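# Breakdown of the fold
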Amino acid sequence: MASGDDDDPIIEEIDVYLAKSLADKLYLFQYPVRPSNMTYDDVNHLSARIKPKQQKVELEMAMDTNSPNYCRSKGEQIALNVDGTTYEETNTYSAKIMDKQTFTSIQATTNTSRYAAAVFRKGELHVTPLSGILQMRPSFTYLDKADTKTREREAANEGGDSSQDEAEEDVKAITVRFARPESEQARQRRIQSYDFLQRKQAEEPWAHLHYHGVKDGHSEHERQYLFCQSVDASENSELVKTPKEYLAMLMPPIAEEKLVKPVGPSNVLSMAQLRTLPLGEQVKTLMKNVKVMPFANLMGLLASGTDSTAALRCIQQVALLVQGNWVVKSDVLYPKNTCSPHSGVPAEVLCRGRDFVMWRFTLERSVLRKEIASIIKLPPEDVKEFLEHVAVPRVNRGWEFLLPTDVEFVKKHTDIAHRQHMLWLGIQSKLEKVFNFSKEDFMPNNSPQPDPVHVTGEQRLKNAQDRAQVNKSSMQKDLNTRRSESSVQVKQEPVSDREDEPMDTSSSSSAINGSVNGYPSAFDHTNGNTGSPANVPSVELKEFVKKTFKKHFVLTLNEFKRLFGLHIASMPSGHSIYPSISDHMLQDAILLCQCKQIMVPFPAQTTAATDEQKVFGLWETGEEFDTQRRLLYELFNKNYRIRRTMIQAKLTQELGDACKADVDRMLNECCISHAGMWYLKGTVPS
């Protein structure tokens, strides 16, 4: 030992003093996003403020806008986004340029008892405990303000779209409910919630500070407080300890740790905590949380080696047998002197209503919610809660019991099943007196029901074809009778999968003069042509399509049919050159004349008819302007309404600088404006 001490001699002894003048006011600021050689000492500090209780600090520093590293255009753009074009006292950047930035603190550690600031002078080390260690990082709240401005502008633009379609809201009844008294656990959860902490932090006011530079005289004066004001060792009792006390501070005695249960929701319990409870409490807790459970599942949740007889004895105290499964008793869920969390109904009334629901499930698999509510006469929220505990909703079958009937348990434990049956008989007699009903009113129909028959789509189609074949002869006879009674000849088109009906282009005088569309009665109406295929558009029809689309550019099928009807009506009687034309022939003629269909994604709630949702646009005219028109159609393939800025951006992206006159021409040719938005012609919602 002696030789070891000789090899490591003491070179110097330094006295350590504890300075406490700034013990509650000294903070260490760290700037993690800034290199240590680039300090903010020479930067102009515009303002400073602090929340002492939260140890939250904000510093506002000026930025050198004349620096070669500063982008002036970006600074002006940020200021414009944040403050807009108006001049107000509340503007973040009064010079209309981003000339300052804000730093906000976050605590680097909540426990600063191990940290101190030390100053060495004249062989003495003076130590001052730190009150807090704060990391200063740039704050970007100005971006939030810019986003808010953007949303306000968008809302103002959208306001015109919705204001014209606003309708007076229906008058609705308002249900007034009174809050129930807050429990201690609910109060603890509320106090620990994020929203509560945010409100508490916002309540503390800011204390504004005055910043003094490093070389300022006031700073030099304050730094003197880092030295201990009294060098008398008797006054520094914290550093005067006996060897035994000092050793106890270095190696404190081991103390038994007390288990502190975390404050959490009342219905959350870990399996480890659960198995520390008595068996009866374990069963009760599980049933309160699960509500309905087979006995086999219950044994799986309990600790291995648990006696099934003891578990059966415990579960009968907190649950009732329904279809071979155990359902928690109503008085366990709704203890005495409590009330409904939804409506405030007393627990006694809730227990009677829930017992009725459980009793109904002892008779049949499914129940109707309306039927239950009409008898127990409780608020719908409570009735729904009863059903959600033990059942699931099924389409056209009401609420079905949650679990399949556990036949094996009933067979294995016949004595328990019989005892439970007797309990239900006693509950039934009480319910009959309370709700004034008879068991026979709810007896299910025991007649065997056939299993559901699954019919495939092919079988349905075959059945429909068979029925059509059977009715064909009678339908043909009726058709012939109608034809013989009427002098108008009807075109017959071959049966196809297309559902559109033909458009009748005949004039009103055709039936009188014995001709159809100006053709003599020798015209073959059976196949609809005079030797040429019926589905091939005529030259005259194509010419009409080209002429119409060169004038209108965009048309819905409904609007085109209207224009075509006007064209037919304007022709002299007996000189029509068009045969009977179907909708499909019109569409084929449009597509063959340098036009294409625009697949406009109409909203799901649209009231537009089918023909109004079929939109066609002129695709090719041989002009250079066709490219701009196609880009517009591409936008409307994705949106049924767009803004002018979207069109401008699309043209700029694809073609470079877009001329305003070209955009105006394209919109006037193809679109119509409504409530600040642009729609293709014929697609504006009525």
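What counts, and where the lines are drawn
Residues numbered from 1 in each chain as written. Predicted model: local features only at pLDDT ≥ 70, side-chain atom pairs only at ≥ 80, totals over all residues. Heavy atoms only, no water. Pairing = 2+ DSSP bridges. Helix = DSSP H or I, 4+ residues; strand = E, 2+ residues; numbered from the N terminus. Axes fitted to C-alpha atoms, helices over the stretch in contact; angles between N-to-C directions. pLDDT = per-residue confidence, 0-100. Contact = heavy atoms within 4.5 Å. Phe/Tyr/Trp six-rings, centres within 6.5 Å; stacked < 30°, edge-to-face > 60°. Buried < 20%, exposed > 50% of the residue type's maximum accessible area, 1.4 Å probe, protein only. Lys NZ or Arg CZ within 6 Å of the ring centre and 35° of its normal. Core = buried A, V, L, I, M, F, W, Y, C linked by side-chain atoms within 4.5 Å. Parallel < 35°, antiparallel > 145°, perpendicular 65-115°, else oblique. Left-handed = near helix turned anticlockwise from the far one by under 90°. Nonpolar A, V, L, I, M, F, W, Y, C, P; charged D, E, K, R; others polar.

### Things to note about the sheet that holds strand E9 (residues 207–209)
Pairing is mixed across the open sheet formed by six strands, whose spatial order is E2-E8-E5-E4-E3-E9. The open sheet is flanked by strand E2 (27–30) and E9, the only strands paired with a single partner. Each strand axis lies, on average, 25° off the axis of its neighbour in the sheet, ignoring direction. Bridge count for E2 against strand E8 (residues 132–138) is four bridges, and the pairing is parallel.

### A look at the confidence of the model for the protein
Detailed reading of predicted coordinates is not advised where the pLDDT is low. Residues with a pLDDT of 70 or more make up 78% of the protein, whose mean pLDDT is 79. Strand E12 (residues 325–328) holds the highest mean pLDDT among the elements of the protein, 94, whereas helix H19 (residues 510–513) holds the lowest, 36. In the model, residues 446–450 has pLDDT below 50 throughout and makes zero contacts with residues more than four positions away in sequence or in other chains.

### Brief notes about the packing of aromatic side chains
Under the definition given, this model contains 16 aromatic pairs. Ring centres of tyrosine 31 and tyrosine 40 lie 5.1 Å apart, and the angle between their planes is 45°; this geometry places the pair in the tilted category. Where phenylalanine 544 meets phenylalanine 560, the ring centres are 5.7 Å apart and the plane angle is 55°; that geometry is what we call tilted. A residue pair is termed long-range when its members are at least 10 positions apart, and phenylalanine 544 in helix H20 (residues 539–552) and phenylalanine 560 in helix H21 (residues 557–570) qualify at 16 residues. The same class applies to phenylalanine 544 as to phenylalanine 560, namely buried. Ring pairs connect the aromatic residues Phe544, Phe549, Phe560 and Phe564, which therefore count as one cluster. Its guanidinium or amino end placed over the ring of tyrosine 40, arginine 34 lies 4.1 Å from that ring's centre, counting from NZ or CZ. Over the ring of phenylalanine 625 we find arginine 665; its NZ or CZ atom is 4.0 Å from the centre of that ring.

### Points about the nonpolar core
Within the largest apolar cluster, 54 residues are counted, with the highest numbers of intra-cluster contacts made by Met287, Trp326, Phe356 and Phe361. Looking at this core, the element that brings in the most residues is helix H13 (residues 347–363), giving eight residues. Judged by nonpolar contacts, the second largest core, of 43 residues, contains Met571, Leu631, Ile642 and Ile647.

### As for the environment of valine 539
Within the secondary structure layout, valine 539 lies in helix H20. Relative accessible area serves as the criterion here: at 58%, valine 539 is assigned to the exposed category.

### Points about the packing of H13 against helix H15 (residues 380–390)
Contact pair H13 / H15: the axes reach a minimum separation of 10 Å and the direction vectors enclose 45°. As summarised for this structure, H13 and H15 are arranged oblique, according to the angle between their axes. In this structure, H13 meets H15 at a crossing whose hand is right-handed. Residues Leu350, Gly353, Arg354, Val357 and Phe361 of H13 form the contact with H15, whose participating residues are Asp382, Phe386, Leu387, His389 and Val390. In terms of residue class, the contact of H13 with H15 is built from six nonpolar, two polar and two charged.

### Quick notes on the sheet that holds strand E13 (residues 366–367)
The strand order across the open sheet formed by three strands is E13-E15-E14, and the pairing between neighbours is antiparallel. The open sheet terminates on both sides in strands that have one partner only, identified here as E13 and strand E14 (391–394).

### Side note on the pairing of strand E20 (residues 615–618)
Walk down a regular strand and you will see the side chains alternate between the two sheet faces. Every second residue of E20 is oriented toward a common face, with Val615 and Gly617 on one face and Phe616 and Leu618 on the other, all of them buried. Strand direction decides the pairing type here: strand E17 (residues 554–556) and E20, joined by three bridges, are antiparallel. If you follow leucine 555 over to E20, its bridge partner there is phenylalanine 616. In terms of strand pairing, strand E19 (residues 595–598) meets E20 through four bridges, oriented antiparallel. Its bridge partner lying in E20, lysine 596 is registered against glycine 617.

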